[in-house]
Amino acid sequence: MSSNIKRAVSLYSYQEEYFLRKMSLEECIAAAAATGATGIEIVGEQSVLGCPKTPSEAFIEQWFGWMDKYKVTPVAHDMFLDYNKKKGHYWTDEEAVESFKKDIRFARSLGFKIIRVIVNTTPQIIEKVLPFAEENDIKLGIEVHAPWNINSAWMERHWEVMERTGTKHFGFIPDMGGFTRRLPRVQIERMIRNGADPEIAKYVCEQHEKGVMAEYTIYEVSKMSNRRIDMVVAEMSRHNTFVNPLSLVPHMDKIIHIHGKCLEMLEDYTEYSIPYKEVINVLKKYGYNGYIATEYEGNRHIQDVYEVDSVEQVRRHQEMLKNYINS
Amino acid sequence: MSSNIKRAVSLYSYQEEYFLRKMSLEECIAAAAATGATGIEIVGEQSVLGCPKTPSEAFIEQWFGWMDKYKVTPVAHDMFLDYNKKKGHYWTDEEAVESFKKDIRFARSLGFKIIRVIVNTTPQIIEKVLPFAEENDIKLGIEVHAPWNINSAWMERHWEVMERTGTKHFGFIPDMGGFTRRLPRVQIERMIRNGADPEIAKYVCEQHEKGVMAEYTIYEVSKMSNRRIDMVVAEMSRHNTFVNPLSLVPHMDKIIHIHGKCLEMLEDYTEYSIPYKEVINVLKKYGYNGYIATEYEGNRHIQDVYEVDSVEQVRRHQEMLKNYINS
Amino acid sequence: MYEKYMIVPERAKKNEKGFEIGARLPYYRGVSLSMVEEIEVSLDGETLPQSDVVITVHGNSYNLEQRENELDDRWEMGEVATLSVAKESDLKAGEHTIGLKINLRIGYMPFPSIRVAEKTVVIG
Amino acid sequence: MYEKYMIVPERAKKNEKGFEIGARLPYYRGVSLSMVEEIEVSLDGETLPQSDVVITVHGNSYNLEQRENELDDRWEMGEVATLSVAKESDLKAGEHTIGLKINLRIGYMPFPSIRVAEKTVVIG
Ligand SMILES: [Mn+2]
Ligand SMILES: [Mn+2]
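Residues numbered from 1 in each chain as written. Chains lettered and ligands numbered in written order. Predicted model: local features only at pLDDT ≥ 70, side-chain atom pairs only at ≥ 80, totals over all residues. Heavy atoms only, no water.

**Student:** Any chance you could break down the overall build of chain C for me, citing the residues and the numbers?
**Tutor:** What chain C contains, in helices and strands, is two helices and 11 strands. Helices and strands appear in chain C in the N-to-C order α-β-β-β-β-β-β-β-α-β-β-β-β. A compact globule built from 124 residues would reach a C-alpha radius of gyration of about 14 Å, and chain C, at 14 Å, matches this within 12%. Along the three orthogonal principal directions, the C-alpha set of chain C runs to about 45 × 25 × 20 Å. Considering chain C as a whole, with its 124 residues, one finds that 56% of them fall into the buried category. At a minimum sequence separation of 6, the contacts of chain C that also span at least 24 residues come to 70%. Put simply, chain C shows about 5,300 Å² of open surface, and 47% of that area lies on carbon and sulfur atoms. Mean positive and mean negative side-chain charge positions of chain C (15 and 21 charges, respectively) differ by 5 Å. (Helix = DSSP H or I, 4+ residues; strand = E, 2+ residues; numbered from the N terminus. Rg over C-alpha atoms; globule rule 2.2 N^0.38 Å. Buried < 20%, exposed > 50% of the residue type's maximum accessible area, 1.4 Å probe, protein only. Contact = heavy atoms within 4.5 Å. Areas by Shrake-Rupley, 256 points an atom, 1.4 Å probe, with all protein chains shown as cover. Lys, Arg positive; Asp, Glu negative; His and termini not counted. Charge placed at Lys NZ, Arg CZ, Asp CG, Glu CD.)

Below, the structure written as structure tokens:
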């Protein structure tokens, strides 16, 4: 069964090399394009100096030049709401909306059609900014990130706004990290390097894979150890959730974009933790036709002792997506 | 939009009066029938002495006599797996299967077609007992009880067995307590009587209703109070989950029965915590045609200071079901 | 759950070994006696040894060891059992404060299910 | 995250007020300086007052109070800032152990985002 699912790369994936100035922004775009992906996603505040201020004319021109040169399309900009930006002051909804509008202008200036809205954004704020997003033809997508899933209470409050307004400019952006069937090995190993008990870590991984609710595992581990780091390992099972991929089905028409989270792409083109094949089969069967954007995030767990090769990790992830989408 | 959803009452609902011998088993059946419900569910180990031993011929005869007299049908028996029944010994799968078979024989002897399987039962045990359930034409339903939901990892492991075996004798039994949009007032008030801070309780209720993830609420409360009882109130938000009722949709053909949990039926025939109308509309729209069995559980939270009137609570719940099913 | 009904004061009295009270299981179903992990009785603030408690359900009596090994006989839901507690020193007739803690081992609960109650009873 | 790269030893040196080090923000995006809740530097095990730390990003310098109020200027992702630390007593040239704790106030995180690093650096 073939599909119209499209492939993108979030430049977030190259953060290690970009952070260390081993890759420039242009080199990140070039690497993404080299995988065959046709879409580009960025975390504006990572890739563009001064974001969310609207970039200079010169930068904008260069940006579209790169898009042409590498034959890619801007797809999504990931935004944040730093509602406690000022020490001791929490933004009112109006201040939050003002900040949000800056991101909408920023996204529009660089040709992005979608904004990934950070999960702490309330449905009220989104409803207030929605007319401005509609005017600018920018779709807002609340990121559905583990430990949330698309049916969680918080997401239902957002869903309620989508339903009530009937807007075409507000939807969901599931992050595939919400389908973590096995706990990420790179993260577990990092914890063990940091002093976690390997036997406890093994137990936690086994329970997680069996689908045991994290609260049970945490309780059992609390009886095995009184060390904080072992509890952190147990709590990984709470933060790295797995839910049945069918959970997406009732919301398929509201999914506007997808984050293809990966932490460890193996040589056989599978992800260690996430059963991508199962999830993509659901997306294909129920007609998803937006982008999946690779979001490699393993660097943070291995950078202490290994050389990070984001380019290779992204390449493998894109190969995997291509195989599953077309097979 | 009308519907074929049928109504039952779990005699569990009358537990207060039954416990205190204010109502006999026959009186419980009569009260259930008087609501207009046509199905009866029991917790065997509550209602029948010696359960899960197969009841005596005399009891069985009396049981079916009552079914005829009150014009009701046996629907479901709720079973447990006490795998740590013997101190210091955990049942093997084989011992668990033996216990399970007793419940299947018990259910069959009293005419029940469905067994509610307790949530700690592993998918492996169910797969092993499945042929025996099929021989006896008993459908097994894993209870989907908060904090689980039908898409939870644990339920996905069960779903995987349903899919792989293709059996018609294994499905889900969602408990409507998994749609707790507002925290149960009777439970909150009991906590306050037990010493919980009313302001903290109010805060927890507000956050829960906004759909805020329980982990955030628990963390905030841990900064407000170091008293265990206040943390218990915060943790209520973790145990009494709400998920979008649409989460049921991909599994509609696997839902074999439903527990109509209620803790406080108001005079206007609504449940204080659970938006039954929304859930039933989803069930109707997607063609659910099994039973919903009233499961009143409020008694435990009010018995310390109020007179419990289970009969009236069940009556109101049945009226509500009737209205929503037929409207 | 059911804490209020755990102690049945009308059934309290002295007996040849010490004293006894009536007790209901604080749970919504009956369980095999082996699942009753702890029965702890206190008298006027003094916790008495659990090994001194004998439980009688529908005519059958079990000491601690027998109870732990009784996989079939059950303490049924709502059934008033008799808890007989050995107490050597002479118990004065009249009002006493009885405490009762019951701890159940329930398969689907990761934590012990502990419920406690206290009542002033007349032990005649 | 990025703990390994937080301290940039090549940029360590004495200056007129005391000493300075290079530092990268341990985060995957840039933030306004106001969101940097704490910058705590230690020298050979001694924690130095946070009010003695001045941060310089792309040529602009901010003391603690200025930093807390700076909502626009940003410490960009991967940018090597200079942390200049006042230190009255004469610092011996040579190897020193530098500790660095950075605490960020991130809207979507309920908890403080604290990251720590330690390196032996040569302060010439
Ligand atoms: Mn993501
Ligand atoms: Mn139930």
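**Student:** Please set out the sheet that holds strand β9 (residues 81–86) of chain D residue by residue, giving values where relevant.
**Tutor:** Residue and element names in this part refer to chain D. Spatially, β1-β2-β9-β6-β7 is the arrangement adopted by the five strands of the open sheet, whose pairing is antiparallel. The open sheet has two edge strands with one neighbour each: β1 (7–14) and β7 (60–62). Put simply, the sheet's adjacent strands are angled 20 degrees from each other on average, direction ignored. Looking at chain direction, β1 and strand β2 (residues 18–23) are connected through four bridges and run antiparallel. Within β2, the residue paired with Lys13 across the bridge is Glu20. (Pairing = 2+ DSSP bridges. Axes fitted to C-alpha atoms, helices over the stretch in contact; angles between N-to-C directions.)

**Student:** Which residues make up the side chain of Ser42 of chain D, and what values go with them?
**Tutor:** Relative to the elements of secondary structure, Ser42 of chain D occurs in strand β4 (residues 36–43). Sequence-distant contacts of Ser42 of chain D, that is, excluding residues within four places in its chain, are made with Thr47, Leu48, Thr97, Ile98 and Gly99 of chain D.

**Student:** Can you lay out the sheet that holds strand β1 (residues 6–10) of chain B for me, pointing to particular residues and giving the numbers?
**Tutor:** Residue and element names in this part refer to chain B. If you walk across this open sheet you meet the eight strands as β6-β5-β4-β3-β2-β1-β8-β7, and the pairing is parallel. Every other strand in the sheet has two partners, leaving β6 (170–174) and β7 (258–262) as the edge strands with one partner each. Mean inter-strand twist for the sheet, computed between neighbouring axes without regard to direction, equals 30 degrees. Sheet topology places β7 next to strand β8 (residues 291–296); five bridges connect them, and they run parallel. Note on β8: the bridge partner recorded for Gly260 is Thr294.

**Student:** Describe the interface of chain A and chain B, listing the residues and the values that go with them.
**Tutor:** Put simply, an interface is often sized by how much accessible area is lost when its parts join up. Listed per partner, the contact involves 28 residues of chain A and 28 residues of chain B. Summed over both partners, the interface of chain A with chain B comes to about 2,500 Å²; 63% of that surface belongs to carbon and sulfur atoms. The largest per-residue losses of area from chain A upon contact with chain B belong to Asn151, Met213 and Asn244 of chain A, which jointly make up 21% of the total buried on that side. The tally of links between chain A and chain B comes to four salt bridges. A salt bridge links Arg238 of chain B to Glu215 of chain A; its shortest N-O distance comes to 3.3 Å. At the boundary of chain A with chain B, the tally comes to 10 residue pairs in polar contact (both at pLDDT 80 or more). Mapped by element, the contributors of at least two residues to the side of chain A that touches chain B are α7 (153–165), α9 (198–210) and α10 (214–224) of chain A. (Buried area = accessible area lost by both parts, 1.4 Å probe. Salt bridge = Lys/Arg side-chain N within 4 Å of Asp/Glu carboxyl O. Polar contact = N/O pair within 3.5 Å; in protein donor to acceptor, adjacent residues only side chain to side chain.)

**Student:** Mind laying out the coordination of the manganese ion (ligand 1), listing which residues take part and the relevant values?
**Tutor:** Residue and element names in this part refer to chain A. Donor atoms from the polypeptide that coordinate the manganese ion (ligand 1) comprise Glu143 (OE), Asp175 (OD), His259 (ND1) and Glu295 (OE), at 2.1 to 2.3 Å from the metal. Counting the intervening residues between successive donors of the manganese ion (ligand 1) yields the motif E-x31-D-x83-H-x35-E. Placement of Asp175 in the loop between β6 (170–174) and α8 (185–193) and of His259 in strand β7 (residues 258–262) is noted, with a sequence separation of 84 residues between them. Of the two residues examined, Asp175 and His259, each falls in the buried class. (Donors = N, O, S within 2.8 Å, 3.2 Å for Na, K, Ca; no water.)

**Student:** Could you give me a rundown of the confidence of the model for chain C, with the residues and numbers involved?
**Tutor:** Counting all residues, the mean pLDDT for chain C is 94, and 100% of those residues have values of 70 or more. Interface predicted TM-score (ipTM) for the complex: 0.93; the corresponding pTM is 0.95. (pLDDT = per-residue confidence, 0-100.)

**Student:** Explain helix α7 (residues 153–165) of chain B residue by residue, including any values.
**Tutor:** Since the α-helix turns once every 3.6 residues, residues separated by three or four places project in the same direction. A rise of 1.5 Å per residue sets the reference length of α7 of chain B, with its 13 residues, at 18 Å; its end C-alpha atoms lie 19 Å apart and thus fit the reference within 8%. Tucked inside the fold, the buried residues of α7 of chain B contact α9 and α12 (276–285) of chain A together with α6 (123–135), β5 (139–144) and β6 of chain B. (Expected span 1.5 Å × (residues − 1).)

**Student:** Run through the UniProt feature "domain: C-glycoside deglycosidase beta subunit" (unreviewed entry) in chain C, naming residues and quoting values.
**Tutor:** Mapped onto this numbering, the UniProt entry gives "domain: C-glycoside deglycosidase beta subunit" (unreviewed entry) at residues 9–108 of chain C. From the first C-alpha to the last, residues 9–108 of chain C spans 32 Å; its make-up is 5% helix and 51% strand. (UniProt positions renumbered as here; feature names shortened; annotations may be inferred.)

**Student:** Give me the lowdown on the packing of helix α2 (residues 25–34) of chain A against helix α4 (residues 57–70) of chain A, citing residues and values where you can.
**Tutor:** Residue and element names in this part refer to chain A. Close contact between α2 and α4 brings their axes to 10 Å; oriented N to C, the two are set at 25 degrees. Here α2 is positioned roughly parallel relative to α4, judged by the angle of their axes. The two elements α2 and α4 meet at a crossing, and its hand is right-handed. Seen from α2, the contacting residues are Leu25, Glu26, Ile29, Ala30 and Ala33; seen from α4, they are Phe59, Trp63, Trp66, Met67, Lys69 and Tyr70. In terms of residue class, the contact of α2 with α4 is built from nine nonpolar, no polar and two charged. (Parallel < 35°, antiparallel > 145°, perpendicular 65-115°, else oblique. Left-handed = near helix turned anticlockwise from the far one by under 90°. Nonpolar A, V, L, I, M, F, W, Y, C, P; charged D, E, K, R; others polar.)

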